[in-house]
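Chain by chain, the residues run as shown.
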Amino acid sequence: MNLPRINLPQLSRRLLTVAACAGAMTSCVNSSTTTSPLEQEVEIPSGITVSSALPADLPSGAANASLSEAAEFAWNEFIALNWPAVPQSGLANTRDTPDATKLFGDQSEPLVWHTYRSKVEIYPWNSHYPNGSFIQGDSLVFDYDALPAYFYKDSIPPCAEASNQAAFVNLDETSQISLNFMFAGINPAEATATNSSPQLIRFLAKGNRSHFDYVTSKGYFNHGGSYYDDVQRYSNAIANDKVVPEDSIVSFPSGTIMVKAAWRLLTAKDTLSQYHTTKVRYYEKKGEDACYYEDTQWGLVALHIIHKTPTAPYFTFATFEQKDNLLTTDGKPIEDAEGKVINPSGFDTPTTPEVKHTDLPSTGTTTTVNGPFCDDNDDRLFYLNTANGLPSSGNSQQGICVNSRYHDIPETIIAANTSAHQAIASYDAANGISNSPWRHYKLVNIQYQPFDTTAIDTANKPAATYYQANIVVETNYTLQKFGGRQIANGNEAGQTSNYGPDGQPFYNVHLPAGTQYTQFNMGGCMGCHGNAQVAGADFSFILRGGPVLEPDVPEIDAENLAALKAKYRF
């Protein structure tokens, strides 16, 4: 078995020499395109197929695709990544690999994307190497397929008795990139013996084999090797509008996938069969120290899929939600499973209180609220802002309640959801499946081409796609209406601006075009991750964040907020 390795004599804080994956290395093979001989493959005219084969690219290429074709691509990704994985043993080529003997909808094993490496498995704290690493001769060898182990600065013990095998779903984020905390009003507010914040939605981030192999081959896992030089070279190239050779900057290979997922505690109010559930690890504090619990009564409420393809070197960004995230005050779903509004909230504004934003180079950037903060204690989602420049009551019981999306799901996406659910229903019927949760998830949108703010509402470029945002992953105004740059410091921190610090228009996505870049002020997920490109990290916030100091715990105080802002570099 040949694995990525690095020579020990040159191993240091800045790792220099790497023997990367060579052509025949079995560990570098992406086996996630296996098609199960067991499955009754169902394809409908829309191009959505219930199959474990992960699509490598949009069929027409990203530049030529329509929103409808991109939605089909997103659904085919979603289905393939939610296929049950082969049993996880730590043997070669077990992570990222679908099980050819299992059916879509089987939840008895971890799913393919579960087996991607958690961010701390790729970027452990500096005193560790990625779990599974071992010395062979004079080299350090990186074994992607090792079973999960989470190496933060300090060892995190269980809060109570736990299994010896770590859960693949490691919920070590409690905020939306330090900008706000997100809560589900349908859950009970009172703390329990094992959960200090039952309403809190928690998150994880992961990367696949291609991400891991690239990072370890370059020595970037601890921001070593040539990381700082490569990042600076990329950032300078963008600032100077002069394209430099790809091998001299941070550039993930095609096939790199990163995912972000949101989970919440499920209760008697929820229909459990309509959620994907699995064992999760989440973190609490006992005394002054963090510890972890593991529990199976958590449901997946959102999944981002970020995929670099041959024709989308800027990554595609697809985001899915469980159908019942958006609720009225009395717990009725605002949208159906396809994304159509069936129970309007009854409010005139997307949030209570209404959030207002101004952004002018002459007067600066402000985000304010119109009216008192929300303390209605009903079933709606709500959030608490934490960044200096965002409106907050300073009271954890008074936040901003979510009444609706800022932009409804487009009809093209609703049509794709309808087709996907029909395909899954046909597959379930053909295979005798009665308990699959996947017809209860919907695509919210996909960004597959960057386009400038000036192109909104032209062909295949609706505002909802420009401002693509997941209602439980990007909930506050900054993330629901992202455009331009994230302001990192000072009294305006946490807001977005379409202008740079010099007052000139800011562009967050840059595509090589000969010796110069084509520049866009893109919105939504792509525009947000474009800030990581501008910083030299090729759209990857987990690479930019680097070694993970500690897991987040649900504490809303000045010390914890300062630590979060440092962690997410905002």
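Residues numbered from 1 in each chain as written. Predicted model: local features only at pLDDT ≥ 70, side-chain atom pairs only at ≥ 80, totals over all residues. Heavy atoms only, no water.

**Observations concerning the side chain of His304**
Line of reasoning, step 1. Mapped onto the fold, His304 is located in strand β11 (residues 289-309).
Line of reasoning, step 2. Given a relative accessible area of 5%, His304 falls into the buried group.
Line of reasoning, step 3. Polar side-chain contacts of His304 include one of 2.8 Å to the side chain of Thr319.
Line of reasoning, step 4. Of the polar contacts made by the side chain of His304, one reaches the side chain of Glu474; its length is 2.5 Å. (Helix = DSSP H or I, 4+ residues; strand = E, 2+ residues; numbered from the N terminus. Buried < 20%, exposed > 50% of the residue type's maximum accessible area, 1.4 Å probe, protein only. Polar contact = N/O pair within 3.5 Å; in protein donor to acceptor, adjacent residues only side chain to side chain.)

**A look at empty space enclosed by the protein**
Line of reasoning, step 1. The tally for this structure, following the rule as stated, stands at three cavities of 30 Å³ or more.
Line of reasoning, step 2. As a volume, the largest cavity reaches approximately 100 Å³.
Line of reasoning, step 3. The wall of the largest cavity is formed by 13 residues, among which His407, Ala464, Tyr467, Gln468 and Ala469 lie closest to the centre.
Line of reasoning, step 4. Looking at the lining of the largest cavity, its residues break down into seven nonpolar, four polar and two charged. (1 Å grid on protein atoms, 1.4 Å probe; cavity = no way out; pocket = protein on both sides within 12 Å on 5 of 7 lines; lining within 4 Å. Points joined across faces, edges and corners; volume = space filled by probe spheres on them. Nonpolar A, V, L, I, M, F, W, Y, C, P; charged D, E, K, R; others polar.)

**Things to note about the environment of Thr352**
Line of reasoning, step 1. Mapped onto the fold, Thr352 is located in strand β13 (residues 351-352).
Line of reasoning, step 2. Given a relative accessible area of 21%, Thr352 falls into the partly exposed group.
Line of reasoning, step 3. Placed 50 residues apart in sequence, Thr352 and Val402 show a C-alpha to C-alpha distance of 6.7 Å.
Line of reasoning, step 4. Setting aside chain neighbours within four positions, we find Thr352 in contact with Phe347, Cys374, Arg380, Gly399, Ile400, Cys401 and Asn403. (Contact = heavy atoms within 4.5 Å.)

**Regarding the pattern of salt bridges**
Line of reasoning, step 1. Taken as a whole and judged by the stated rule, the model has 23 salt bridges.
Line of reasoning, step 2. The partner of Glu294 in a salt bridge is Lys279, with the nearest N and O atoms 3.5 Å apart. Linking Glu294 in strand β11 with Lys279 in strand β10 (residues 277-286), this pair joins segments that are 15 residues apart in sequence.
Line of reasoning, step 3. Under the relative-accessibility criterion, Lys279 is labelled partly exposed at 29%.
Line of reasoning, step 4. For Lys308, the salt bridge identified is with Asp538, shortest N-O distance 2.9 Å. With Lys308 in strand β11 and Asp538 in the loop between α8 (524-534) and α9 (541-545), this pair connects stretches of sequence that are 230 residues apart. No difference in accessibility class separates Lys308 from Asp538, as the two residues are buried. (Salt bridge = Lys/Arg side-chain N within 4 Å of Asp/Glu carboxyl O.)

**So, the side chain of Thr216**
Line of reasoning, step 1. By the secondary structure assignment, Thr216 is in helix α3 (residues 209-218).
Line of reasoning, step 2. Engagement of the side chain of Thr216 in a polar contact is seen with the backbone oxygen of Asp213, the distance being 3.3 Å.

**Details of the pairing of strand β15 (residues 364-370)**
Line of reasoning, step 1. Bridge analysis of strand β14 (residues 354-360) against β15 gives seven bridges, and the strand direction is antiparallel. Residue pairing across strands places Asp359 opposite Thr365, the latter belonging to β15.
Line of reasoning, step 2. The antiparallel pairing of β14 with β15 creates a hairpin that spans three residues between the two strands. (Pairing = 2+ DSSP bridges.)

**A few points about the sheet that holds strand β16 (residues 381-385)**
Strand pairing in a sheet is mediated by backbone hydrogen bonds. Such pairs are either parallel or antiparallel.
Line of reasoning, step 1. If you walk across this open sheet you meet the four strands as β7-β16-β17-β13, and the pairing is antiparallel. In this open sheet, the two strands that pair with only one neighbour each are β7 (180-184) and β13.
Line of reasoning, step 2. Examined bridge by bridge, β7 and β16 share five bridges and lie antiparallel to one another. Bridge pairing in β16 places Asn180 opposite Asn385.

**Notes on a negative patch on the surface**
Line of reasoning, step 1. Together, Asp154, Glu288, Asp289 and Glu550 make up a region of like negative charge exposed at the surface.
Line of reasoning, step 2. With respect to the helices, strands and loops of the structure, Glu550 is situated in the loop between α9 and α10 (558-568). (Patch = residues over 30% accessible without salt bridge, like charges linked within 9 Å, V, L, I, M, F, W, Y side chains within 5 Å. Areas by Shrake-Rupley, 256 points an atom, 1.4 Å probe, with all protein chains shown as cover. Lys, Arg positive; Asp, Glu negative; His and termini not counted. Charge placed at Lys NZ, Arg CZ, Asp CG, Glu CD.)

**Structural notes on the environment of His510**
Line of reasoning, step 1. Structurally, His510 is set in strand β21 (residues 509-513).
Line of reasoning, step 2. The class for His510 is buried, based on a relative accessible area of 4%.
Line of reasoning, step 3. Dropping the residues within four chain positions of it, His510 is found in contact with Ile238, Tyr517, Thr518, Gln519, Gln533 and Val534.

**Structural notes on the nonpolar core**
Line of reasoning, step 1. Counting 115 residues, the largest nonpolar core has Trp75, Trp113, Ile201, Trp263 and Val472 as its most contacted members.
Line of reasoning, step 2. The biggest single contributor to this core is helix α1 (residues 67-81), with ten residues.
Line of reasoning, step 3. Contacts of Trp75, omitting those with residues within four sequence positions, involve Ile48, Phe320, Ala416, Asn417, Ala420, His421, Ile424, Trp438, Tyr441, Lys442 and Leu443. (Core = buried A, V, L, I, M, F, W, Y, C linked by side-chain atoms within 4.5 Å.)

**What about unusual backbone geometry?**
Line of reasoning, step 1. A cis amide bond, omega -5°, links Thr352 with the succeeding residue Pro353.
Line of reasoning, step 2. Among the structural elements, Pro353 can be located in the loop between β13 and β14.
Line of reasoning, step 3. Here Asp96, not a glycine, exhibits a phi torsion of approximately 70°, which is positive.
Line of reasoning, step 4. Along the chain, Asp96 turns up in the loop between α1 and β3 (117-118).
Line of reasoning, step 5. Here Phe539, not a glycine, exhibits a phi torsion of approximately 70°, which is positive.
Line of reasoning, step 6. As for its placement among the helices and strands, Phe539 is situated in the loop between α8 and α9.
Line of reasoning, step 7. On the basis of relative accessible area, Phe539 is assigned to the buried category, the value being 1%.

**Some words on helix α5 (residues 411-431)**
Line of reasoning, step 1. Spanning 21 residues, α5 covers 30 Å between terminal C-alpha atoms, matching the ideal 30 Å at 1.5 Å per step.
Line of reasoning, step 2. Within α5, burial applies to Ile413, Ile414, Ala416, Asn417, Ser419, Ala420, His421, Ala423, Ile424, Tyr427, Asp428 and Asn431.
Line of reasoning, step 3. Contacts from the buried residues of α5 go to α1 and β18 (441-447).
Line of reasoning, step 4. Of the residues flanking the end of α5, it is Gly432, one or two places downstream, whose phi is positive at about 65°. (Expected span 1.5 Å × (residues − 1).)

**Comments concerning the state of the cysteines**
Line of reasoning, step 1. Evaluated as defined, the whole model comprises two disulfides.
Line of reasoning, step 2. Put simply, Cys159 and Cys291 are joined by a disulfide, and their sulfur atoms are 2.0 Å apart. As the torsion about the S-S bond is roughly 100°, the Cys159-Cys291 disulfide counts as right-handed. Taken as a pair, Cys159 in the loop between β5 (139-141) and β6 (169-171) and Cys291 in strand β11 lie far apart in primary sequence, 132 residues in all.
Line of reasoning, step 3. Among the residues examined, Cys291 registers a relative accessible area of 4% and is labelled buried.
Line of reasoning, step 4. The residue that forms a disulfide with Cys374 is Cys401, at a sulfur-sulfur distance of 2.1 Å. Looking down the S-S bond of the Cys374 and Cys401 bridge, the torsion is -85°, so its handedness is left-handed. Of this pair, Cys374 sits in the loop between β15 and β16 while Cys401 sits in strand β17 (residues 400-402), and the two are 27 residues apart along the sequence.
Line of reasoning, step 5. Here Cys374 falls in the buried class, since its relative accessible area comes to 4%. (Disulfide = S-S within 2.5 Å.)

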